[in-house]
Protein chains: 2
Amino acid sequence: MLQNQKFPAYFYRKNMDYDQLIQAPLFRGIKSEEIEKILTGIDKKFKKFKAGTLIVHSGDPVTSLIIVISGVVKGEMVDYSGRVIKIEDIPAPGALASAFLFGNKNLFPVNVVALSDTELMIIEKQVFIRLLMNNDIILSNFLDMISNRSQFLSEKIRFLNFKTIKGKLAQFILQRTMNDRSSFNLGMTQTELADYFAVARPSLSRVLGELEDEGLIEARGKAIKVIDRTRLLKLTSD
Amino acid sequence: MLQNQKFPAYFYRKNMDYDQLIQAPLFRGIKSEEIEKILTGIDKKFKKFKAGTLIVHSGDPVTSLIIVISGVVKGEMVDYSGRVIKIEDIPAPGALASAFLFGNKNLFPVNVVALSDTELMIIEKQVFIRLLMNNDIILSNFLDMISNRSQFLSEKIRFLNFKTIKGKLAQFILQRTMNDRSSFNLGMTQTELADYFAVARPSLSRVLGELEDEGLIEARGKAIKVIDRTRLLKLTSD
DNA sequence: AGAAAATTGTAACAAATGTTACAAAATCAA
DNA sequence: TTGATTTTGTAACATTTGTTACAATTTTCT
């Protein structure tokens, strides 16, 4: 998909403002002038997409590192019945499918759609490997990026492995109140959390209510307060 | 844990047979003499553990790359009630927790126990980064290793996201019969698959039976044959 | 081959979750 | 602020899953 599309000439350009890239995980710890120096020395492409455009198709090969320079894109899965399930948003200056550039399955696992007008920077894999070998900060940063991805997924699986919603919730709450904090803010809506747990929304709501009724937690809006840590821990042994 | 233990002198040695490392994912594509040359040039340690020994404690910091030179180790989680859940076996010549050497959370997520007499090779993170920068094959291999880990976890989450066991099973079966093959071998026992799905074993057995009764698949032992692909696909839209 | 161990099928029942629907509450946007 | 939209609580009921138990079958080990 990406490689077959034709764009008007102005969609490609050789120079740009590298300042925005200081925020990118890949360039963390590198000064903007330094980033500019590094990038001007290597082959790369820029492409722009209008809001709503399909940028890559699920199943397309991943042959390059793709960084969102500006705008926001989303990953989405399409199931058999054609229904679309949103997976995640990737705002600038994030990278697309960085865990699929290497490894055995170099295929996009999702469709990628531009949520807003978007500009991408594209660096071929071979070029990128050379970049990694020549710059230890970028190497470290990239290793951090894909390792963080793994760590995120590992943690998610830890929730999903609990058979009951109570178990998942207990694990989730304990996880967020590790450092002696007794309360924390559910950073999302119940609808989103239900999705995250792969569970029906009213079921989650019900279980939250039960935990409160039983005096394990107090929930006021999105603020969760742990009342009985010990009994929460017990729920963790499915 | 690892760094505090004391061993008899013979547990440490400077020279070893590097032939076994040709099989290691980290050294794939490198000849054994080359591996020897690379490894003799860098700082490393070897440690041996008797079968049954606790090698690392869940929560210990990950500061080095650890490769299982010989033997088999297992990762296990311990829950609140002290019950132990086995996570995975890592036979030689695999690496321990490679996705936790980098990234933000450099802590072992599990206990690691020697299943048999085991020898480990330990390379400090800083030394390892230098190795990655000096050898593009090792760099590629390591990127492949942690990327494969991510890809494995992503796929697992795809199953777990289905709310019903039927959905999980359908996705699982379709996944394994992509390349026009209509049948495949369940590479594990139902008990293990039930664990993988985070689901009770009799429930899995029941659903397998239902799929067969309804004529979607045929199951004879561990051999699964797809009969009605279309209806299986439909189950995939939870 | 034969005994022992692990795996599988199955049934009855309890428990948890999903579904649908609707109203109350909170949040967002004009 | 107000009106619109989204989120949340809740209830009734259907469906799915878990639990326990036991026998049949298969695999493993000697």
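Residues numbered from 1 in each chain as written. Chains lettered and ligands numbered in written order. Predicted model: local features only at pLDDT ≥ 70, side-chain atom pairs only at ≥ 80, totals over all residues. Heavy atoms only, no water.

1. Topic: the domain arrangement of chain A
Put simply, the test is: Per the annotation, domain bounds derive from an automatic or database assignment of domains.
As far as domains go, chain A holds domain 1 (2-154) and domain 2 (162-235). In this structure, domain 1 of chain A and domain 2 of chain A have C-alpha centres spaced 34 Å apart.

2. Quick word on the packing of aromatic side chains
Residues and elements named next belong to chain A. Put simply, the rule is: Two aromatic rings, drawn from Phe, Tyr or Trp (for Trp, its six-membered ring), form a pair once their centres lie within 6.5 Å of each other, and the interplanar angle then sorts them: stacked below 30 degrees, edge-to-face above 60, tilted otherwise. Each helix is a run of DSSP H or I of at least 4 residues and each strand a run of E of at least 2, with the numbering of both proceeding from the N terminus. Remark: exposure states derive from per-residue accessible area (1.4 Å probe, protein chains only) relative to the maximum for the residue type, with buried under 20%, exposed over 50%, and partly exposed in between.
Evaluated as defined, the whole model comprises 17 aromatic pairs over all chains. The interplanar angle of 80 degrees and the centroid separation of 4.9 Å between the aromatic rings of phenylalanine 128 and phenylalanine 142 together place this pair among those described as edge-to-face. Here phenylalanine 142 lies in helix α3 (residues 136-160) and phenylalanine 128 lies in helix α2 (residues 125-134), a separation of 14 residues in the sequence. What makes phenylalanine 128 buried here is its relative accessible area of 0%. Classification of phenylalanine 142 by relative accessible area gives buried; the value is 0%.

3. Structural notes on the interface of chain B and chain A
Put simply, the rule is: We call two residues in contact when some of their heavy atoms are within 4.5 Å. Once two parts are joined, some of their accessible surface, as seen by a 1.4 Å probe, is lost; buried area is that loss totalled over both. Take a side-chain nitrogen of Lys or Arg and a carboxyl oxygen of Asp or Glu: if they are within 4 Å of each other, that pair is a salt bridge. The definition of a polar contact used here is a pair of N or O atoms within 3.5 Å, where within protein one atom must be able to donate a hydrogen and the other to accept one, and adjacent residues in sequence count solely through side-chain atom pairs. When residues are grouped by polarity, Ala, Val, Leu, Ile, Met, Phe, Trp, Tyr, Cys and Pro land in nonpolar, Asp, Glu, Lys and Arg in charged, and all others, Gly among them, in polar.
Contacts between the two partners involve 48 residues from chain B and, on the opposite side, 48 residues from chain A. Summing the contributions of chain B and of chain A, the shared interface buries around 4100 Å²; its carbon and sulfur component is 62%. The interface formed by chain B and chain A contains zero salt bridges. Counting every contact that joins chain B to chain A gives 11 residue pairs in polar contact (both at pLDDT 80 or more). Those elements that place two or more of their residues in the side of chain B that touches chain A are α2 (125-134), α3 (136-160) and α7 (229-235) of chain B. Of the residues belonging to the side of chain B that touches chain A, the class tally is 20 nonpolar, 16 polar and 12 charged.

4. A look at helix α4 (residues 165-176) of chain A
Residues and elements named next belong to chain A. For clarity, the cut-off: Expected helix span is taken as 1.5 Å per residue step, with the number of steps being one fewer than the number of residues.
End to end, α4 covers 17 Å across 12 residues, agreeing with the expected 16 Å (1.5 Å per residue, within 8%). Across the 12 residues of α4, nine count as buried, placing the element largely inside the fold. Buried within α4 we find Ile165, Gly167, Lys168, Leu169, Ala170, Gln171, Phe172, Ile173 and Leu174.

5. Here's the deal with the protein's contact with DNA strand C
Cut-off, in case you're wondering: For this purpose, a residue is taken to be near a molecule or strand whenever a single non-hydrogen atom of the residue falls within 4 Å of it.
What surrounds DNA strand C is a group of 16 residues, the closest being Thr164(A), Ile165(A), Ser203(A), Gln190(B) and Lys222(B). Per the 4 Å cut-off to the protein, sugar and phosphate atoms form 48% of the nearby atoms of DNA strand C. Here a phosphate oxygen of DNA strand C and a side-chain polar atom of Ser203(A) are 2.8 Å apart. Take Thr191(B): an N or O atom from its main chain is 3.3 Å from a phosphate oxygen of DNA strand C. Residue assignment for the surface near DNA strand C shows that the elements contributing at least two residues are α6 (201-213) of chain A together with α5 (190-197) and α6 (201-213) of chain B. Classifying every residue of the surface near DNA strand C by side-chain character gives five nonpolar, six polar and five charged.

6. Observations concerning the protein's contact with DNA strand D
Neighbouring DNA strand D are 17 residues; Gln190(A), Lys222(A), Thr164(B), Ile165(B) and Ser203(B) lie closest to it. Considering DNA strand D, the proportion of its atoms within 4 Å of the protein that are sugar or phosphate atoms stands at 48%. Interatomic distance of 2.9 Å between a side-chain N/O atom of Arg201(A) and a base nitrogen of DNA strand D. Contributions of two or more residues to the surface near DNA strand D are made by α5 (190-197) and α6 of chain A together with α6 of chain B.

7. Some thoughts on unusual backbone geometry
Here Ala92(A) and Pro93(A) are connected by a cis peptide whose omega angle stands at 0 degrees. Positionally, Pro93(A) belongs in the loop between β5 (84-91) and β6 (95-96). For Ala97(A), which is not glycine, the phi torsion reads 50 degrees and is therefore positive. Examined against the element boundaries, Ala97(A) turns out to sit in the loop between β6 and β7 (111-114). Even without being a glycine, Ala198(B) presents a positive backbone phi close to 60 degrees. Its location among the elements puts Ala198(B) in the loop between α5 and α6.

8. Focus on the pattern of salt bridges
Residues and elements named next belong to chain B. Applying the stated criterion across every chain yields a total of 17 salt bridges over all chains. Aspartate 144 serves as the salt-bridge partner of arginine 28, at 4.0 Å between the closest nitrogen and oxygen. With arginine 28 in the segment before α1 (32-40) and aspartate 144 in helix α3, the pair connects residues that are 116 residues apart, well separated along the chain. Of the charged contacts in the structure, one is a salt bridge between glutamate 88 and arginine 149, with a shortest N-O distance of 3.5 Å. Here glutamate 88 is found in strand β5 (residues 84-91), whereas its partner arginine 149 is found in helix α3, with 61 residues between them in sequence. In this structure glutamate 88 comes out as partly exposed when scored by relative accessible area, which is 31%.

9. With respect to the packing of α5(A) against α6(A)
Packed helices, taken two at a time, are described by the angle their axes make and the gap between the axes. Residue and element names in this part refer to chain A. For the record, the criterion: Here, axes are lines fitted to C-alpha atoms. For helices the fit covers the stretch in contact, and angles between N-to-C directions go from 0 to 180 degrees. Note on angle classes: values under 35 degrees are labelled roughly parallel, values over 145 roughly antiparallel, values of 65 to 115 roughly perpendicular, and the remainder oblique.
Look at α5 against α6: their axes get within 9 Å of each other, and the N-to-C directions meet at 105 degrees. With respect to each other, α5 and α6 are oriented roughly perpendicular. Two secondary-structure elements touch here, α5 through Gln190, Thr191, Leu193, Ala194 and Phe197 and α6 through Arg201, Leu204, Ser205 and Leu208. Looking at the contact of α5 with α6, its residues break down into five nonpolar, three polar and one charged.

10. Let's talk about the packing of α3(A) against α3(B)
Defined as follows: Should the near helix be turned anticlockwise from the far one by less than a right angle, the crossing is left-handed, and should it be turned clockwise, the crossing is right-handed.
Viewed as axis vectors pointing N to C, α3(A) and α3(B) meet at an angle of 25 degrees, and their least axial separation amounts to 9 Å. Classified by the angle between their axes, α3(A) and α3(B) sit roughly parallel to one another. Along this stretch, α3(A) crosses α3(B), giving a crossing that reads as left-handed. For the pair α3(A) and α3(B), the contacting residues are Leu139(A), Phe142(A), Leu143(A), Ile146(A), Ser147(A), Arg149(A), Ser150(A), Leu153(A), Ser154(A), Lys156(A), Ile157(A) and Leu160(A) in the first and Leu139(B), Phe142(B), Leu143(B), Ile146(B), Ser147(B), Arg149(B), Ser150(B), Leu153(B), Ser154(B), Lys156(B), Ile157(B) and Leu160(B) in the second.

11. Regarding the relation of the copies chain B and chain A
In plain terms, the rule: Overlaid copies result from least-squares superposition on C-alpha atoms, with residues included only where pLDDT is at least 70 in both.
At an RMSD of 0.1 Å, chain B and chain A line up after a rotation of 180 degrees and a shift of 0.0 Å along the axis. Expressed as a symmetry operation, the mapping of one chain copy onto the other fits a two-fold axis. The overlap is high: 100% of the interface residues of chain B also sit at the interface in chain A, so the same surface is used on both sides.

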